[in-house]
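The chain contents come next:
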Amino acid sequence: MRTLRSFLLTFVGAAAVVAPMLATADSSSGAGSASANLDFQVVIDDYVYFQIGDPIPGNVDLVTFTVDGATEFPGSGSPIAGDQSMSVVLAANSNNLTIAAAGTGALTGSATTIAWSEIAIDNTAGTGDLPPPVIDGAASTGIDPSAVGTFSDTWSFSYLNTGFHTPGAYGGVTTGRVAFTATAL
Amino acid sequence: MVVNRLLLIVFLLSFSLRGHALLFSVSPGAPFVFVQVGHGELSNFGLFGAPVTQVDEVTFPVPPGVQFGDGTPIVGTPVIPIAFLGYSGGNQANYLVTMDSAGGLVNGNGDVIPFSELSWTTQDGDIPPGQFGNSANQFLQQYNFRGNRARGVVDYLTFSYANTATYPPGTYLGRVTYTITNL
């Protein structure tokens, strides 16, 4: 079966104006209908995006707990709320997400240290989509294992205030940092 | 097909370019339609010489700094030439061009990105810009013609992936079929 394509090739060849042909294309001809295909490919890699507080990469927020002795007695066991909550965003395209939190050393003060177990995190003021981890290096559970997409929540922090410590500032930007790690398994 | 019985004489000197519309003078014969999607150096008449069934593929490389699902469109490569041609044999012809994008783009796990995530712009405007509609019979273009000439349209399409949604990882493949029909 000769086609329009072959005919025109013949003609163009006779006219000595054949142009260099590239290797791909789909074409067809017909009396009443003709079709040609085009393929598409989109490659989606694994990725995880995790944000706590300031969305600018590298900017680390500071949460402060003040036990002033006037409103709450030090070591009374009554939790002290942090001065700010943090927005948390986790976006991933794989399921089975976990979040782990590990303190860098202890909350060091002038004479004693405060253990990370004295710092608690809850998301009762948020959506509940991102259960916070315990600051012990172990991964949390409870994130919807079937979900793929973006999750957001609000985490609030408390100093449990169960121990008695000498006056001073504990932790800070160098000895009071927690590294949160989100992982898509 | 009866094209082989036609005494088609294509007068290159009458090859008329208005934008990238094509107009060929031919002798009377049976009507036909023709479509080509993909590379073939259209401007040098490679339109008629490219291999049949070797389908071009558009890929979407992710630029640095762009995250999947962040809403930053990702431009596809390469730019795709596309051409439609019809000859009516002197009769009134009504050419309809449609697209079938119903299948979506599918990865190895069966996850699907709908073709509506893909849109295109055109170089010359002879073919309208648009967005795939995930249907088997999406309208692209329609034009009428009468005369002893073959009339067609050529343009160059640049595709974009909208990147507005999050999809599981994988290599997603999909095919769109362009069809020209003489109504």
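Residues numbered from 1 in each chain as written. Chains lettered and ligands numbered in written order. Predicted model: local features only at pLDDT ≥ 70, side-chain atom pairs only at ≥ 80, totals over all residues. Heavy atoms only, no water.

K.L.:
Which residues make up the overall build of chain B, and what values do they have?
P.N.:
Counting secondary structure elements, chain B contains zero helices and 14 strands. Ordered by position in the sequence, the α and β elements of chain B form the string β-β-β-β-β-β-β-β-β-β-β-β-β-β. A buried classification covers 48% of the 183 residues belonging to chain B. Of the contacts formed within chain B by residues at least 6 apart in sequence, a portion of 74% connects residues at least 24 apart. Total accessible area on chain B is roughly 7600 Å²; 53% of this is exposed by carbon and sulfur atoms. (Helix = DSSP H or I, 4+ residues; strand = E, 2+ residues; numbered from the N terminus. Buried < 20%, exposed > 50% of the residue type's maximum accessible area, 1.4 Å probe, protein only. Contact = heavy atoms within 4.5 Å. Areas by Shrake-Rupley, 256 points an atom, 1.4 Å probe, with all protein chains shown as cover.)

K.L.:
So what's going on with the confidence of the model for chain B? Residues and values would help.
P.N.:
Residues and elements named next belong to chain B. Predicted confidence across chain B gives a mean pLDDT of 80, with 77% of residues reaching 70 or more. Of all secondary-structure elements in chain B, the lowest mean pLDDT belongs to strand β1 (residues 16-18), at 36, while strand β11 (residues 130-131) reaches the highest, 98. Here residues 1-20 is a poorly scored stretch, pLDDT under 50, and it has 53 contacts once near neighbours within four places are set aside; other chains count. The low-confidence segment residues 42-46, where pLDDT is below 50, has 15 contacts with residues more than four positions distant or belonging to other chains. Two numbers describe this predicted complex: its pTM, 0.69, and its ipTM, 0.83. (pLDDT = per-residue confidence, 0-100.)

K.L.:
Summarise the nonpolar core; cite the residues concerned and give the values.
P.N.:
Phe 40 of chain A together with Phe 84, Phe 132, Phe 159 and Tyr 178 of chain B are the most contacted members of the largest nonpolar core, which has 41 residues in total. Looking at this core, the elements that each hand over two or more residues are β2 (33-44) of chain A together with β3 (32-37), β6 (80-87), β7 (92-100), β10 (118-122), β12 (138-146), β13 (149-161) and β14 (170-182) of chain B. Among the elements that make up this core, the one with the highest residue count is β2 of chain A (six residues). Beyond its immediate sequence surroundings of up to four residues, Phe 132 of chain B is in contact with Phe 40 of chain A together with Met 99, Ser 101, Phe 115, Ser 116, Leu 118, Trp 120, Gln 138, Phe 159, Val 176 and Tyr 178 of chain B. (Core = buried A, V, L, I, M, F, W, Y, C linked by side-chain atoms within 4.5 Å.)

K.L.:
So, the packing of aromatic side chains: which residues are in play, and what are the values?
P.N.:
This model, assessed by the stated rule, comprises 14 aromatic pairs over all chains. Both rings, one in Phe 60 of chain B and one in Tyr 161 of chain B, keep their centres 6.3 Å apart while their planes meet at 55°; by these two values the pair is tilted. Here Phe 60 of chain B, found in the loop between β4 (57-59) and β5 (74-75), pairs with Tyr 161 of chain B, found in strand β13; they are 101 residues apart in sequence, far enough to count as distant. Judged by its relative accessible area of 1%, Tyr 161 of chain B falls in the buried class. Taken together, the aromatic side chains of Phe 40 of chain A together with Phe 115, Trp 120, Phe 132 and Phe 159 of chain B make up a single cluster linked through ring pairs. (Phe/Tyr/Trp six-rings, centres within 6.5 Å; stacked < 30°, edge-to-face > 60°.)

K.L.:
Residue-level account of the side chain of Ser 88 of chain B, with values.
P.N.:
Residue and element names in this part refer to chain B. Along the chain, Ser 88 turns up in the loop between β6 and β7. You can call Ser 88 buried: its relative accessible area is 2%. Separated by 2.7 Å, the side chain of Ser 88 and the backbone oxygen of Asn 91 make a polar contact. If we ignore the near neighbours within four places in the chain, the residues touching Ser 88 are Pro 31, Ala 93, Tyr 95, Phe 145, Arg 146, Gly 147 and Arg 149. (Polar contact = N/O pair within 3.5 Å; in protein donor to acceptor, adjacent residues only side chain to side chain.)

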